[in-house]
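# Structure assessment
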Amino acid sequence: MIRNYIKLFRVLQWIKNLFVFVPLLFSKHLFEHDYFLQVLGGFLIFSLASSIVYIINDIIDIESDRAHPTKQNRPLPSGRITVKSALIAAVILLSALAFLVRYFNNEFILSVAAFITLNVLYSVKLKNLVILDVFSIAAGFMIRVIAGALIINVEISSWLILTTMFLSLFLGIMKRYSELNLAIENGSATRKVLADYTEQFAMHVATIAAAAVIICYALYTVAERTVNVFGTEHMIYTTPIVVFGIFRYMFLVYLHRQGENTSEIMVTDIPMILTVIAYIFATVLIVYRIF
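No experiment lies behind these values; they were computed from the predicted model shown. (Residues numbered from 1 in each chain as written. Predicted model: local features only at pLDDT ≥ 70, side-chain atom pairs only at ≥ 80, totals over all residues. Heavy atoms only, no water.)

What follows concerns the overall build of the protein chain. When its secondary structure is counted, the protein chain shows 14 helices and 0 strands. Reading the protein chain from its N terminus to its C terminus gives the helix and strand order α-α-α-α-α-α-α-α-α-α-α-α-α-α. Each of the three principal axes of the protein chain carries a C-alpha extent, and together these read 55 × 45 × 30 Å. A buried classification covers 50% of the 291 residues belonging to the protein chain. Here the contacts in the protein chain between residues at least 6 apart in sequence split such that 73% fall between residues at least 24 apart. Surface exposure of the protein chain reaches about 14,300 Å², of which carbon and sulfur atoms provide 69%. Measuring between centres, the 22 positive side-chain charges of the protein chain sit 7 Å from its 18 negative side-chain charges. (Helix = DSSP H or I, 4+ residues; strand = E, 2+ residues; numbered from the N terminus. Buried < 20%, exposed > 50% of the residue type's maximum accessible area, 1.4 Å probe, protein only. Contact = heavy atoms within 4.5 Å. Areas by Shrake-Rupley, 256 points an atom, 1.4 Å probe, with all protein chains shown as cover. Lys, Arg positive; Asp, Glu negative; His and termini not counted. Charge placed at Lys NZ, Arg CZ, Asp CG, Glu CD.)

Written out as C-alpha cells, the structure reads:
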C-alpha cells in the first residue's frame, strides 16, 4: 500500500524540484548552513505541491490513462487506490504544505501559489493547447528557480533564467516527441494535443530550444556580471559539459526512444548521471574557488 502512495505522489519526479537549488549554488552560499536549510525547506514545499498537482492531474486523466500502455499501471487508473483515497491524500498533503509554508517569506509563498495555480490550469486546460502546453511546463521550472532565489533573497542572472526557460522548453518538447512516437507505435494518441504535433515539427522546435540553451548558458558564463561575482572567467569551461548533456539527451530520445519520463532518464542513464555530477563538481570548484 505504501508503495502505491509513493507512486501516486510521484516521488521520483521530485528530482525536478532540485531546480530551487540553482540560485543557492550560484549565490556562493551553498556551504552555509542556514541558507542550505532554507532552500532544503523550499524543496520540500515544492515537492508537496508537485504531489498535490500530480494527484489532481491523475484524477482528471484517469480514463485516458487507462488506455495508455504504461500509465494504466499507475495506482489510480489501475484501481489500486480509489479516487476518494487519492483526494484524502491530497488534502493531507495540502494541510502539511499550508502549515510549513508559514515559515517562509511572502514572495516565496506567492511563487508556490503561482506554481500550483499554473499546474492546475495545465491539468484542466493548457495541456490541450498546442505550444502553450510546452510553455506551461517551462514556466513551472522557471517558477522553481525564481522561488529558490526568493527564499534566500538573492539576485539571479537574467541569462541563467533564460537558460532555465529554454532548457525546460527543450525537455517539454522532447517529452511531446516521445509521446508522439509512442502514440504512432500504438496506433492511438492518449493526449489530445498530440494531434497538433508532428515528429518533424517537434524535432525542429527541440533543435531551436537546444541551441538557445547552449547559447544562453555560454553567454552567462562570459557575462561581465558573472565574471565579477565569481572573480574568474573559468565558468566558460563548464559549457562543454552542458553541451554534452544536451546531445546525450537528444541521443536517448531520438535513437533510443526514451524521453517520456525525464526524471527516469536522469536517474537511470549512467552517462547522464556522470554528466550532472561532473557539472556540479566543476561548478563548485570554480564558483567557490576550490583550486
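Under the definition given, this model contains 16 aromatic pairs. A ring pair is formed by phenylalanine 19 and phenylalanine 141, whose centres lie 5.0 Å apart and whose planes are at 70°; its orientation type is edge-to-face. Residue phenylalanine 19 is found in the loop between α1 (2-9) and α2 (22-26), and its partner phenylalanine 141 is found in helix α8 (residues 132-152); the two are separated by 122 residues along the sequence. Both residues of the pair, phenylalanine 19 and phenylalanine 141, count as buried. Ring geometry for phenylalanine 21 against phenylalanine 43: centres 6.1 Å apart, planes inclined by 50°, an arrangement best described as tilted. Here phenylalanine 21, found in the loop between α1 and α2, pairs with phenylalanine 43, found in helix α3 (residues 33-60); they are 22 residues apart in sequence, far enough to count as distant. The exposure class assigned to phenylalanine 21 is buried, which follows from its relative accessible area of 15%. (Phe/Tyr/Trp six-rings, centres within 6.5 Å; stacked < 30°, edge-to-face > 60°.)

Bringing unusual backbone geometry into the picture now. Phi is positive for arginine 10, which is not a glycine, with a value near 55°. Relative to the elements of secondary structure, arginine 10 occurs in the loop between α1 and α2. You can call arginine 10 buried: its relative accessible area is 13%. Phi is positive for asparagine 153, close to 55°, though the residue is something other than glycine. Note on placement: asparagine 153 falls in the loop between α8 and α9 (158-186).

Moving on: the layout of surface pockets. As a volume, the second largest pocket reaches approximately 1,100 Å³. For the second largest pocket, the lining is made up of 34 residues, of which Phe19, Leu167, Met266, Val276 and Tyr279 are closest to its centre. Elements with a contribution of two residues or more to the lining of the second largest pocket: α2, α9, α10 (199-222), α12 (239-256), α13 (262-268) and α14 (270-287). Considering every element that reaches the lining of the second largest pocket, the biggest residue donor is α14, with 8 residues. Along the lines of polarity and charge, the residues of the lining of the second largest pocket split into 27 nonpolar, 6 polar and 1 charged. (1 Å grid on protein atoms, 1.4 Å probe; cavity = no way out; pocket = protein on both sides within 12 Å on 5 of 7 lines; lining within 4 Å. Points joined across faces, edges and corners; volume = space filled by probe spheres on them. Nonpolar A, V, L, I, M, F, W, Y, C, P; charged D, E, K, R; others polar.)

Core analysis: the biggest nonpolar cluster contains 85 residues, and Phe26, Leu97, Phe108, Phe170, Met174 and Met235 have the highest contact counts within it. Element by element, the count of residues in this core is highest for α8, at 11 residues. (Core = buried A, V, L, I, M, F, W, Y, C linked by side-chain atoms within 4.5 Å.)

Assignment of secondary structure puts valine 120 in helix α7 (residues 106-124). In this structure, the C-alpha to C-alpha distance between valine 120 and isoleucine 56, residues 64 residues apart in sequence, is 7.5 Å.

The next subject is the side chain of serine 47. Along the polypeptide, serine 47 turns up in helix α3. At a separation of 2.8 Å, a polar atom in the side chain of serine 47 contacts the main-chain carbonyl oxygen of phenylalanine 43. (Polar contact = N/O pair within 3.5 Å; in protein donor to acceptor, adjacent residues only side chain to side chain.)

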